[in-house]
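Observations on the model geometry
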Amino acid sequence: MKAVVAGASGGIGQPLSLLLKTCPLIEELALFDVVNTPGVAADLSHISSPAKITGYLPADDGMKKAFSGADIIVIPAGIPRKPGMTRDDLFKINAGIVRDLVQGIAENAPKAYILIISNPVNSTVPIAAEVLKNAGVFDPKKLFGVTTLDVVRAETFVASITGAKNPQETVIPVIGGHSGETIVPLFSQAKPSVSIPSDKLDALVKRVQFGGDEVVEAKQGAGSATLSMAYAGYRFAEKVIKAVKGETGIVEPSFVYLPGVEGGDEIAKATGVDFFSVPIELGTEGVKRAINVVGDANDHEKKLLQVCYDGLKGNVSKGIDFIKNPPQK
Ligand SMILES: NC(=O)c1ccc[n+]([C@@H]2O[C@H](COP(=O)([O-])OP(=O)(O)OC[C@H]3O[C@@H](n4cnc5c(N)ncnc54)[C@H](O)[C@@H]3O)[C@@H](O)[C@H]2O)c1
Ligand SMILES: O=C(O)C[C@H](O)C(=O)O
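Here the structure is a predicted model, which means the values were calculated and not measured. (Residues numbered from 1 in each chain as written. Chains lettered and ligands numbered in written order. Predicted model: local features only at pLDDT ≥ 70, side-chain atom pairs only at ≥ 80, totals over all residues. Heavy atoms only, no water.)

1. Description of the overall build of the protein chain
- The helix and strand tally for the protein chain stands at 11 helices and 11 strands.
- By principal-axis analysis of the C-alpha atoms, the protein chain measures approximately 60 × 45 × 45 Å.
- In the protein chain, which comprises 329 residues, the proportion classed as buried is 54%.
- A separation of at least 24 residues holds for 72% of the contacts in the protein chain among residues at least 6 apart in sequence. (Helix = DSSP H or I, 4+ residues; strand = E, 2+ residues; numbered from the N terminus. Buried < 20%, exposed > 50% of the residue type's maximum accessible area, 1.4 Å probe, protein only. Contact = heavy atoms within 4.5 Å.)

2. Details of the side chain of Ser9
- Here Ser9 lies in the loop between strand S1 (2–6) and helix H1 (13–21).
- Judged by its relative accessible area of 11%, Ser9 is buried.
- Non-local contacts of Ser9, meaning those with residues more than four positions away in its chain, are made with Gln14, Asp33, Val35, Asn36, Thr37 and Val40.

3. Things to note about the site of ligand 1
- The environment of ligand 1 is made up of 29 residues, and the closest members are Gly11, Ile12, Asp33, Ile79 and Asn119.
- For ligand 1, an oxygen atom lies 2.8 Å from a polar atom in the backbone of Gly11.
- Against a free-state accessible area of 870 Å², the protein chains account for coverage of 86% of ligand 1.
- Top element by residues in the shell around ligand 1 is helix H4 (residues 91–108). It accounts for 3 residues.
- Here the shell around ligand 1 is composed, by residue class, of 17 nonpolar, 11 polar and 1 charged. (Near = heavy atom within 4 Å. Polar contact = N/O pair within 3.5 Å; in protein donor to acceptor, adjacent residues only side chain to side chain. Areas by Shrake-Rupley, 256 points an atom, 1.4 Å probe, with all protein chains shown as cover. Nonpolar A, V, L, I, M, F, W, Y, C, P; charged D, E, K, R; others polar.)

4. Comments concerning the pattern of salt bridges
- For the coordinates displayed, the defined rule picks out 12 salt bridges.
- Taking the shortest distance from any N to any O, the salt bridge between Lys318 and Asp88 comes out at 3.0 Å. With Lys318 in helix H11 (residues 299–324) and Asp88 in the loop between strand S4 (72–75) and H4, this residue pair connects regions lying 230 residues apart in the sequence.
- The exposure class assigned to Asp88 is partly exposed, which follows from its relative accessible area of 31%.
- Members of the salt-bridge network, linked through shared partners, are Glu155, Arg235, Lys239 and Glu252. (Salt bridge = Lys/Arg side-chain N within 4 Å of Asp/Glu carboxyl O.)

5. Observations concerning the domain arrangement of the protein chain
- Domain annotation for the protein chain reports domain 1 (2–145) and domain 2 (148–316).
- Taken together, the contacts link 34 residues of domain 1 with 42 residues of domain 2.
- In total, domain 1 and domain 2 occlude about 3200 Å² of area from one another, counting both sides; carbon and sulfur atoms represent 70% of this.
- Taken together, domain 1 and domain 2 are joined by 1 salt bridge.
- The partner of Asp213 in a salt bridge is Arg81, and the shortest N-O contact between them spans 2.9 Å.
- Inspection of the region where domain 1 meets domain 2 yields 11 residue pairs in polar contact (both at pLDDT 80 or more).
- Elements that contribute at least two residues to the side of domain 1 that touches domain 2 include exactly H1, strand S5 (113–116), helix H5 (121–134) and strand S6 (143–145).
- Class assignment of the residues belonging to the side of domain 1 that touches domain 2 gives a composition of 22 nonpolar, 5 polar and 7 charged. (Domains from an automatic or database assignment. Buried area = accessible area lost by both parts, 1.4 Å probe.)

6. A look at the UniProt feature "binding site: substrate" (unreviewed entry) in the protein chain
- Within this numbering scheme, the UniProt entry marks Arg81, Arg87, Asn119 and Arg153 as carrying the feature "binding site: substrate" (unreviewed entry).
- Given a relative accessible area of 7%, Arg81 falls into the buried group.
- With sequence-adjacent residues up to four places away left out, Arg81 is seen in contact with Thr86, Arg87, Leu90, Gly212, Asp213, Val216, Gly223 and Ser224.
- Position of Arg153 among the secondary structure elements: in helix H6 (residues 148–162).
- If we skip the residues at most four places from it in the chain, Arg153 touches Gly211, Gly212, Val215 and Ala225. (UniProt positions renumbered as here; feature names shortened; annotations may be inferred.)

7. Here's the deal with the environment of Ala129
- Take Ala129: it is sitting in helix H5.
- A relative accessible area of 0% places Ala129 in the buried class.
- Along the backbone, Ala129 and Tyr257 are 128 residues apart, and their C-alpha atoms lie at a distance of 8.0 Å.
- Each residue touching Ala129, except ones within four places of it in the same chain, is listed here: Phe138, Leu143 and Phe275.

8. Focus: the environment of Val205
- Inspection of the secondary structure puts Val205 in helix H7 (residues 198–209).
- Taking the C-alpha atoms as reference, Val205 lies 19 Å from Glu252; in sequence the two are 47 residues apart.
- If we skip the residues at most four places from it in the chain, Val205 touches Pro185, Phe187, His300 and Leu304.

Now the structure itself:
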């Protein structure tokens, strides 16, 4: 199993690479970034875990060398938010970064599982899908927008109300997209069920939807969530790897292209959007099936979902349009 981190020298990239370096399921780890990968790779190479580690810069065909033979490529490359910015404000710079990296994947590792962290995820994943389609190598079962941090936040924040000792033991589907009101936690479907006092529900939902802002404001201009994101990115990558290696029954929400995966058509019909995060059962080929939890949402959650669909549609078409009608240089 060869894993790659593209954007490996950044705030997320470094701790994510650290976690992947310690993963016993990975034999080879390649780090790619426009800066500092030789140093980050040298540092991590002293860790006595099995993964062989290499670092590449764009010079000397670095992207080709990093991506060739990759089984899984995680992309946290791109600029993060500062206070007062929306994720969509990152589009101008990050759209081109993701387009070019995914083009490199299409050319050098067309069969790799691709996990996109770079924001705005609601648009960068459709960008990736279009690039892969144009290159004739799009497999919707292998393209994932990483929304795990929203799930992690829901687990953590609900535990502060229920007092659960281990927040991770409560499974909460968080669906939709990855920004503000497109993020919809379905607390009515938590397993085991949770009891949230009605006067606390709105604030809890808002905290999950705008958890990213909490970190952006606390960092005062020094970036957005990096450590919790590295944890979340690793958690999702590890689940994909375990499923690919044959472990069964692994389910985690992810932002995928619904019409291309089993069970997705029904959800696309219900939501009116083709890219959407829902619980995904993972298998040896990536997405095994998308699980339709939309119909089970309660009335309060259905109202949240309506707002989500409206916001998400614009974000998705903006991404698709960026590739179909490229901006003039
Ligand atoms: N999906 C999520 O839940 C989630 C959570 C947190 C952050 N993010 C997003 O992740 C991205 C990265 O955040 P960060 O805090 O690590 O930022 P950062 O600025 O600390 O790191 C980004 C890294 O990307 C590198 N990079 C830039 N262009 C590149 C290219 N063309 N090829 C390879 N590498 C390139 C930079 O050199 C830098 O090392 C941001 O867009 C942020 O909004 C997403
Ligand atoms: O808030 C951000 O901009 C980063 C990330 O999407 C997050 O949810 O923390």
